[in-house]
Amino acid sequence: MLKITVCVSGGGTNLQAIIDSVRSGELKNVEIVRVISNNPNAYALERAKQNGIDAVCVSPKTFENREAFNAAFLDALKASGADLVVLAGFLVVIPEIVINEYRGRMINIHPSLIPSFCGTGYYGLKVHEAALKRGVKITGATVHYVDEGTDTGPIIMQKAVEVKEGDTPEILQRRVMEEAEWIILPKSIGMIAQKGFGK
Ligand code: GRF
């Protein structure tokens, strides 16, 4: 059984996709042991509670300094017993102590085809605004291992999505979620559960 802890900051639709995949039996031998958010108001925490999953908030705002938050975040991850850490819309810079502890065992979903529209400053709607501004005809999503950089770790899986005439950033974001993110994130977790960790 692959134990996973999912880190979230917002609505949690990617978390919900994982929950639904486990429940439907599509995602086998995977157990979500904890959901961690930096944001006490993240609806993703509500989704965890609705599904009987341990939901923990570790907010930087409640610690005296960043080092104290980093240590508490690492403690919360280790205490969960996770084999794999999944970043699903987690808007926190991952501290080096966590990167080192989970190297090769932490993955992230990014809403573009890396290496396009990624790196510092490219998150949420900003990614889709940049894609529309550039005029790309195809975008998509990427699941990758997390390393010291921002969206720079080895790529695990990608899925392309068509950009359509008249797309707004919001419309494109939704299509990338529905047609790519919610498919390749559970699939990537399933591949790791079945075949083990990659690079
Ligand atoms: C998604 O667009 C994801 O690609 C990005 O942050 C957003 C999270 O959405 N990393 P949700 O919280 O999973 O709904």
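In case you missed it, the structure is sitting above this.
Below or above, wherever it landed, is the structure these notes cover. (Residues numbered from 1 in each chain as written. Predicted model: local features only at pLDDT ≥ 70, side-chain atom pairs only at ≥ 80, totals over all residues. Heavy atoms only, no water.)

**Brief notes about the overall build of the protein**
Basically, it comes down to this: Numbering goes from the N terminus for both helices and strands, where a helix is a DSSP run of H or I of at least four residues and a strand is a run of E of at least two. Just to be clear, the radius of gyration here is over C-alpha atoms, and the globule rule we use is 2.2 Å times residues to the power 0.38. A 1.4 Å probe rolled over the protein chains alone gives each residue an accessible area, and that area as a share of the maximum for its type sets the label: buried under 20%, exposed over 50%, partly exposed in between. Only heavy atoms enter the contact rule, under which two residues are in contact if any of them lie within 4.5 Å. Surface accessibility follows the Shrake-Rupley procedure with a 1.4 Å probe radius. Residue values consider only the protein chains on display as shielding.
When helices and strands are tallied, the protein shows 6 helices and 7 strands. Starting at the N terminus, the α and β elements of the protein follow one another as β-α-β-α-β-α-β-α-β-α-β-β-α. Its C-alpha atoms give the protein a radius of gyration of 16 Å, within 12% of the compact-globule value 16 Å for 199 residues. Principal axes of the C-alpha set define a box for the protein whose edges measure 45 × 40 × 35 Å. In the protein, which comprises 199 residues, the share counted as buried stands at 51%. Contacts in the protein between residues at least 24 apart in sequence constitute 65% of all its contacts with a sequence separation of at least 6. Total accessible area on the protein stands at roughly 9700 Å², and carbon and sulfur atoms take up 50% of it.

**Some words on the site of the ligand**
Here is the rule we go by: If even one non-hydrogen atom of a residue comes within 4 Å of a molecule or strand, that residue is called near it. Identification of polar contacts relies on pairs of N or O atoms within 3.5 Å, with a donor-acceptor requirement for protein atoms, meaning one able to donate a hydrogen and the other able to accept it, and with residues adjacent in sequence counted only if both atoms are side-chain atoms. Only Asp, Glu, Lys and Arg are considered charged in this grouping, and only Ala, Val, Leu, Ile, Met, Phe, Trp, Tyr, Cys and Pro are considered nonpolar; every other residue, Gly among them, is considered polar.
The local shell around the ligand consists of Gly 10, Gly 11, Gly 12, Thr 13, Asn 14, Gly 89, Ile 109, Pro 111, Met 177 and Glu 181. With respect to the ligand, the backbone of Gly 11 contributes an N or O atom lying 3.4 Å from an oxygen atom. Take Ile 109: an N or O atom from its main chain is 3.3 Å from a nitrogen atom of the ligand. Bound to the protein, the ligand loses 87% of the 360 Å² it would expose on its own. When contributions to the shell around the ligand are tallied by element, the ones reaching two or more residues are α1 (13-24) and α6 (169-195). When grouped by side-chain class, the residues that make up the shell around the ligand number 3 nonpolar, 6 polar and 1 charged.

**Some thoughts on the side chain of Arg 175**
Residue placement: Arg 175 occurs in helix α6. Judged by relative accessible area, which is 9%, Arg 175 ranks as buried. If we skip the residues at most four places from it in the chain, Arg 175 touches Val 161, Glu 162, Val 163, Lys 164, Asp 167 and Ala 180.

**So, the pairing of strand β4 (residues 84-87)**
Defined as follows: DSSP calls a pair of strands paired once it identifies at least 2 bridges connecting them. Handedness rule for crossovers: strands pointing away from the viewer, path from the first strand over the helix to the second running clockwise, crossover right-handed.
Judged by which residues are buried, β4 turns out to be covered on both faces: Leu 84 and Val 86 on one side and Val 85 and Leu 87 on the other are all buried. Of the pairings in the sheet, the one linking strand β1 (residues 2-8) to β4 comprises 4 bridges and is parallel in character. Within β4, the residue paired with Val 6 across the bridge is Val 86. Two strands pair when backbone bridges link them, and β4 and strand β5 (residues 106-110) are joined in this way by 3 bridges, in the parallel orientation. Paired with Val 86 across the two strands is Ile 107, which belongs to β5. As a crossover connection, the stretch from β4 through helix α4 (residues 96-101) into β5 is right-handed.

**Quick notes on the packing of α1 against α6**
Rules: The angle between two axes is taken between their N-to-C directions and runs from 0 to 180 degrees, where each axis is a line fitted to C-alpha atoms and a helix contributes only its stretch in contact. Should an angle fall under 35 degrees it is taken as roughly parallel, and over 145 as roughly antiparallel, whereas 65 to 115 is taken as roughly perpendicular and any remaining angle as oblique. Crossing handedness is read from the near helix: turned anticlockwise from the far helix by less than a right angle, it gives a left-handed crossing, and turned clockwise, a right-handed one.
With their axes 9 Å apart at the nearest point, α1 and α6 run at an angle of 55° to one another. By the angle between their directions, the pair α1 and α6 is classed as oblique. The way α1 lies across α6 gives a crossing that is right-handed. Each of Thr 13, Asn 14, Ala 17, Ile 18 and Ser 21 in α1 lies in contact with α6, whose residues at this interface are Met 177, Glu 181, Trp 182, Leu 185, Pro 186 and Ile 189. Among the residues making up the contact of α1 with α6, the classes are represented as 7 nonpolar, 3 polar and 1 charged.

Any functional reading would require information that these geometric values do not contain.
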